[in-house]
Amino acid sequence: MKTGKNTENDNGIDRRLKDQYGNSMPFDVPHGYFESFPEKVMASIKERPARRLSAPIHRKLLAAASLLILAAISLLLILHSRQTSPPEPVAFSAQDVYLSGLSSLAEMEDAYLLSLVEEENLNLSEVMTGDTNELSRQAIIEYLLAENHLEYYLNTEY
Amino acid sequence: MIMQETSDVKILDLIRNEHSAEEGFLLLVKKYQQRLYWHIRRMLHDHDDTDDVLQETFIKAWKGIGNFREDSQLFTWLFRIATNETLSFMRKRKKSKQLLSNALNDKIPDHISQETSYSGDQISIRLHNAIQGLPHKQRLVFNMKYFDGMKYEEMAAILGTSVGALKASYHHAVKKIEQQLILG
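Predicted model only: the values in this text are computed from it and were never measured.

### Things to note about the overall build of chain B
Assigned secondary structure in chain B consists of eight helices and zero strands. Across the 184 residues that make up chain B, the buried fraction comes to 53%. For chain B, long-range pairs separated by at least 24 residues make up 60% of all intrachain contacts whose partners lie at least 6 apart in sequence. Element-wise, carbon and sulfur atoms account for 50% of the exposed surface of chain B, whose accessible area totals about 9,300 Å².

This is the structure in structure tokens:
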């Protein structure tokens, strides 16, 4: 069977690692943990007040929340545009909210977005904007989405 | 006596019936708890943190089981939830550590907590410390391939990343770990 060079090398390194270091777990688990865990999680579920929503209702609520956020952002932009001070970079765009499809995007702080960029060792020059060389939130989000990074991290609806 | 595992089809049938939903869900938890536990524990190392994330995983599974479309395996779906919850936890912890570090004006070391309980030998611990040095996503890929023995196609379904990207990620991860172990 034809294999790529990297795959052959991986298998070799894999074997050396396993031969020398094994693949056991060096961690302790409290005695009886797995025996009692199922009941514990069931008890946690019963304690939570929210009922299980049916999928259509959940999606309607999510859509409504997204529309509310969009409306709020639009209102903020209108109010801001009336100010005499120089325009500041837009924190969110309608496209951002639409692309994410999740209200959690509104909670995503600059530090969090930057941590994603750093974590993925992304090429920052690709998300710099024009003459100012500033990091654009919109550029970061679109870049991460295009590279399938943000979609992975934002996948909170199961 | 070996307990025969209940099939996913049977489990889903039980869960979708209002009268047997709890029974079905307990079977689901018993079937997959250990595999998910170790997946999370390899990332977080700490048992209490793992317990929190594992609980949250199954709570989300309970809430979302109505959306499960069976276009993927049940375990793949659960694994994806566990993975996302783990990464989310790690990000929150990183943020709060940074805030705390800023507040204390001191760098908090990013090594395994001294309170983590180990039972393994030093060799195994060295390997896990080396893995700890990888970026989160690369650590995930490495753990899933090296410890879980997953195929790239299975990992792609869970992580939503191409097979090619996963192979590259694993290749780099193995190289980095080997270098780290040599440097000791």
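### A short note on the packing of aromatic side chains
The final tally for this structure, using the stated rule, is 16 aromatic pairs over all chains. Ring geometry for Y33 of chain A and F37 of chain A: centres 5.6 Å apart, planes at 40°, overall tilted. Of the two residues, Y33 of chain A and F37 of chain A both sit in helix α2 (residues 33–47), four residues apart, roughly one turn of that helix. Each member of the pair Y33 of chain A and F37 of chain A is classed as buried. Centre to centre, the rings of F142 of chain B and Y170 of chain B are 5.6 Å apart; their planes meet at 20°, and the pair counts as stacked. With F142 of chain B in helix α6 (residues 136–146) and Y170 of chain B in helix α8 (residues 163–183), this residue pair connects regions lying 28 residues apart in the sequence. Note on F142 of chain B: relative accessible area 0%, which makes it buried. Every member of this aromatic cluster is reached through a ring pair, and the members are Y33, F34 and F37 of chain A together with F25, Y37, W38, F58 and W62 of chain B. Over the ring of Y146 of chain B we find K18 of chain A; its NZ or CZ atom is 5.0 Å from the centre of that ring.

### Digging into the confidence of the model for chain A
Low pLDDT means the predicted atomic positions in that stretch should not be read closely. All names here are of chain A. Residues of chain A with pLDDT of at least 70 account for 30%, and the chain-wide mean is 61. Highest mean pLDDT in chain A belongs to α2 (94); lowest belongs to helix α7 (residues 149–154) (43). Confidence drops under a pLDDT of 50 for residues 126–133, and excluding neighbours within four residues, the segment shows twelve contacts in the predicted structure. Within the model, the stretch residues 146–157 combines pLDDT values under 50 with 33 contacts to residues more than four positions away or in other chains.

### Structural notes on α2 of chain A
An ideal rise of 1.5 Å per residue puts 21 Å on 15 residues; α2 of chain A measures up with 20 Å between its terminal C-alpha atoms. Residues of α2 of chain A that are buried: Y33, F34, F37, P38, V41, M42, S44 and I45 of chain A. Of the surrounding elements, those touching the buried residues of α2 of chain A are α2 (21–44) and α3 (47–64) of chain B.

### Quick look at the nonpolar core
By size, the foremost hydrophobic cluster in this structure holds 64 residues, and its most contacted members are L17 of chain A together with F25, L36, L74, L127, F142 and I177 of chain B. When residues in this core are grouped by element, the largest group, twelve residues, is from α2 of chain B. Excluding anything up to four places from it in sequence, F25 of chain B contacts V41, M42 and I45 of chain A together with I15, F58, A61 and W62 of chain B.

### Description of unusual backbone geometry
Residues and elements named next belong to chain B. The phi torsion at H45 lies on the positive side, around 70°, for a residue other than glycine. Within the secondary structure, H45 is located in the loop between α2 and α3. In this structure H45 comes out as buried when scored by relative accessible area, which is 2%.

### Let's talk about α3 of chain B
Between its first and last C-alpha atoms α3 of chain B spans 25 Å; for 18 residues at 1.5 Å apiece the expected length is 26 Å, and the two agree. For α3 of chain B, the N-terminal cap is D46 of chain B; the gap from its side-chain oxygen to the backbone nitrogen of D48 of chain B is 3.1 Å.

### Overview of the packing of helix α5 (residues 122–132) of chain B against α6 of chain B
Residues and elements named next belong to chain B. Axis separation between α5 and α6 bottoms out at 9 Å; the angle between their running directions is 140°. Along the contact surface, α5 presents L127, I131 and Q132, while α6 presents R139, F142, N143 and Y146. Of the residues belonging to the contact of α5 with α6, the class tally is four nonpolar, two polar and one charged.

How each quantity is defined
Residues numbered from 1 in each chain as written. Chains lettered and ligands numbered in written order. Predicted model: local features only at pLDDT ≥ 70, side-chain atom pairs only at ≥ 80, totals over all residues. Heavy atoms only, no water. Helix = DSSP H or I, 4+ residues; strand = E, 2+ residues; numbered from the N terminus. Buried < 20%, exposed > 50% of the residue type's maximum accessible area, 1.4 Å probe, protein only. Contact = heavy atoms within 4.5 Å. Areas by Shrake-Rupley, 256 points an atom, 1.4 Å probe, with all protein chains shown as cover. Phe/Tyr/Trp six-rings, centres within 6.5 Å; stacked < 30°, edge-to-face > 60°. Lys NZ or Arg CZ within 6 Å of the ring centre and 35° of its normal. pLDDT = per-residue confidence, 0-100. Expected span 1.5 Å × (residues − 1). Core = buried A, V, L, I, M, F, W, Y, C linked by side-chain atoms within 4.5 Å. Polar contact = N/O pair within 3.5 Å; in protein donor to acceptor, adjacent residues only side chain to side chain. Axes fitted to C-alpha atoms, helices over the stretch in contact; angles between N-to-C directions. Nonpolar A, V, L, I, M, F, W, Y, C, P; charged D, E, K, R; others polar.

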